[in-house]
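Below, each chain spelled out in residue letters.
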Amino acid sequence: MLSNKSLIILALLLLVTTLSAFSITDTHFGYRYGALDARGFAMGSAGMYNNMRPAGFVLNPANLTAMQKTLGLNVNTMINRAEDTRMLPLYNSFDNYIDDAVYASNINAFTDFSGAGFGSYAFANFRVGLGAYHAPYASFNGNYREEIRNNRNTDNDGYPEKLAQNDIENEGALLKTGLALAVAYEYADYWNANLGFDFALMNADITQDTNIRWTDWSRQQMAADVVLPDYQHLSKWELEGQQMKIGAAFRLGPRFGLGMTYTPQTTLDLSGTDYTFRDAYRNTPLDSTFVVLAKDHDLPSEMRLGFSYFPRNVMNTIFNVDVEMVNYSDSMDFLDDVYNFYAGVEHHIVNRIPLRLGFQAVNSYFLDSKPGINAAGDDIILYTANKVLTPMITGGSSVKLIKNVVLDLGFGYAWREYEALDLFGDAYYNDKNYTGSSSYVLWPNQYINLQNRGWENPDKVTESFITLNAGLSFSW
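What counts as what
- Residues numbered from 1 in each chain as written.
- Predicted model: local features only at pLDDT ≥ 70, side-chain atom pairs only at ≥ 80, totals over all residues.
- Heavy atoms only, no water.
- Helix = DSSP H or I, 4+ residues; strand = E, 2+ residues; numbered from the N terminus.
- Contact = heavy atoms within 4.5 Å.
- Polar contact = N/O pair within 3.5 Å; in protein donor to acceptor, adjacent residues only side chain to side chain.
- pLDDT = per-residue confidence, 0-100.
- Phe/Tyr/Trp six-rings, centres within 6.5 Å; stacked < 30°, edge-to-face > 60°.
- Buried < 20%, exposed > 50% of the residue type's maximum accessible area, 1.4 Å probe, protein only.
- Patch = residues over 30% accessible without salt bridge, like charges linked within 9 Å, V, L, I, M, F, W, Y side chains within 5 Å.
- Areas by Shrake-Rupley, 256 points an atom, 1.4 Å probe, with all protein chains shown as cover.
- Salt bridge = Lys/Arg side-chain N within 4 Å of Asp/Glu carboxyl O.
- Lys, Arg positive; Asp, Glu negative; His and termini not counted.
- Charge placed at Lys NZ, Arg CZ, Asp CG, Glu CD.

1. Re the environment of serine 45
Then comes step 1: Take serine 45: it is sitting in the loop between α2 (38–42) and α3 (56–59).
Then comes step 2: Distance from serine 45 to glycine 259, taken between C-alpha atoms, is 13 Å for residues 214 residues apart in sequence.
Then comes step 3: Contacts of serine 45, omitting those with residues within four sequence positions, involve Gly34, Ala35, Gly40, Leu59, Arg304, Asp322, Tyr342 and Gln360.
Then comes step 4: Here the side chain of serine 45 touches alanine 35 through a polar contact of 2.9 Å, landing on its backbone nitrogen.

2. Topic: the confidence of the model for the protein
Then comes step 1: A residue-level look at the protein finds 93% of positions with pLDDT of 70 or above and a mean pLDDT of 88.
Then comes step 2: Within the protein, the lowest mean pLDDT, 35, falls on helix α1 (residues 4–13), and the highest, 97, falls on strand β12 (residues 256–263).
Then comes step 3: Considering only residues more than four positions removed or in separate chains, one finds that residues 1–21, a stretch of pLDDT under 50, has 67 contacts.

3. Here we look at the packing of aromatic side chains
Then comes step 1: One pass over the full model with this rule turns up 22 aromatic pairs.
Then comes step 2: Both rings, one in phenylalanine 57 and one in phenylalanine 118, keep their centres 6.3 Å apart while their planes meet at 75°; by these two values the pair is edge-to-face. Note that phenylalanine 57 is positioned in helix α3 and phenylalanine 118 in strand β5 (residues 97–123), a separation of 61 residues in sequence. For the pair shown, phenylalanine 57 and phenylalanine 118 are each scored as buried.
Then comes step 3: Summarising the aromatic geometry, the rings of tyrosine 309 and phenylalanine 319 are spaced 6.3 Å apart at their centres and angled 20° between planes, so their arrangement reads as stacked. Taken together, the positions of tyrosine 309 in strand β15 (residues 301–309) and phenylalanine 319 in strand β16 (residues 317–327) put the pair 10 residues apart, joining distant regions of the chain.
Then comes step 4: Using a relative accessible area of 30% as the deciding quantity, one classes tyrosine 309 as partly exposed.
Then comes step 5: A connected cluster of aromatic rings, assembled from ring pairs, spans Trp214, Tyr231, Tyr281, Tyr428, Tyr429 and Tyr434.

4. Considering a negative patch on the surface
Then comes step 1: A contiguous patch of negative charge on the surface is contributed by Asp205, Glu238, Glu240, Asp269 and Asp296.
Then comes step 2: Mapped onto the elements of the fold, aspartate 269 is located in strand β13 (residues 266–278).

5. Some details on the environment of glycine 129
Then comes step 1: Positionally, glycine 129 belongs in strand β6 (residues 126–139).
Then comes step 2: With 67 residues separating them along the chain, glycine 129 and alanine 62 place their C-alpha atoms 9.3 Å apart.
Then comes step 3: Leaving out residues up to four positions away in the same chain, glycine 129 has contacts with Leu64, Thr65, Gly119, Ser120, Ala180, Leu181 and Ala182.

Encoded structure:
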């Protein structure tokens, strides 16, 4: 039975465990996007120094004047295919580990859009520029479906009966709408310094709907007075706040470019509601709670440094490398700071067709929490943090449609593997709790022990992401 006190604690825990991104496993900070222009994305999102595309100033505001263009516009679209496979460890009758058995696999697709534009003006050796953009910062989208079936064998080509269906549907993205200002001074040809400042409004509307629904077959197996309780947890969140970023970009002769940015810690206002409902059953009353939630949601500070190398080559070639430090300890004391790596190359075949390849390795944290009691007897929240590395390989090319108008295409494949707790505890499907009987009605094997698995026996989760990125750019 879930008491009112435990439901309130559960609602508080959801403050830090429901912001899922593409997959349902908690990432808290969302699934961060890389470079928003398709060219930068195809080069592994390495773009601290980027004087080629108008959207480059979204990553580093100093790139706005580094382009040395008068006008620029960019529109970009992204399609992400996310595959999530969850496995549980399989043991034989002697408790020996055999293998991991897949019990749920989900494939979903999500889309996002961005746009950016700028104008700049040069006088003497100086240049000033002003830009604006609207783009997603992090995704909290995710869908998950899990079918609960009993343990009837598959003799005579039969299939185990479906007892219940679990669904999680998450929607929402953290968006940025910002202005960038940059100034530049040119010392000589291929020697210039650019300084930029970015101020953006951030907001998100996030909805999470979690359901457990028993099937008609399960209800038909029960006596008329037995209730199998359905469950729903509906959370709606809003995030609002501002973020600032400062950047610098330097052209150091015809062969090198250097860029850097610093983003201070950002505190967003989180407000919303949390509703939990579970039907009454047997001698257990209905559980229903509605909680109004309000707190701060902290994004970590970031520092990023990168360089570009333009080798003396018959064919036009560019190498980009970025290193990023994300100070997660700013957000939560028990998290360690991480370093991310981005690299890419662009090589022009016969100086016309660009071929781009890239790689990135990005660290993120998955958070798990549970209620606890401190030494004074007060209710507290205990956290478990799991750092996960997500590598990605990228590629792409571009086509010049007409003068000053370019279509860029990017492709990315990312993957990761980690351990996580079961999303829906097995004890909920123990029909003895609802019938009061000493034997199962829905489970043919009477010797199984349905109980929730903890970290001593977690799920193994593998995820893969295929991303297609297309952008249309105009510069003059």
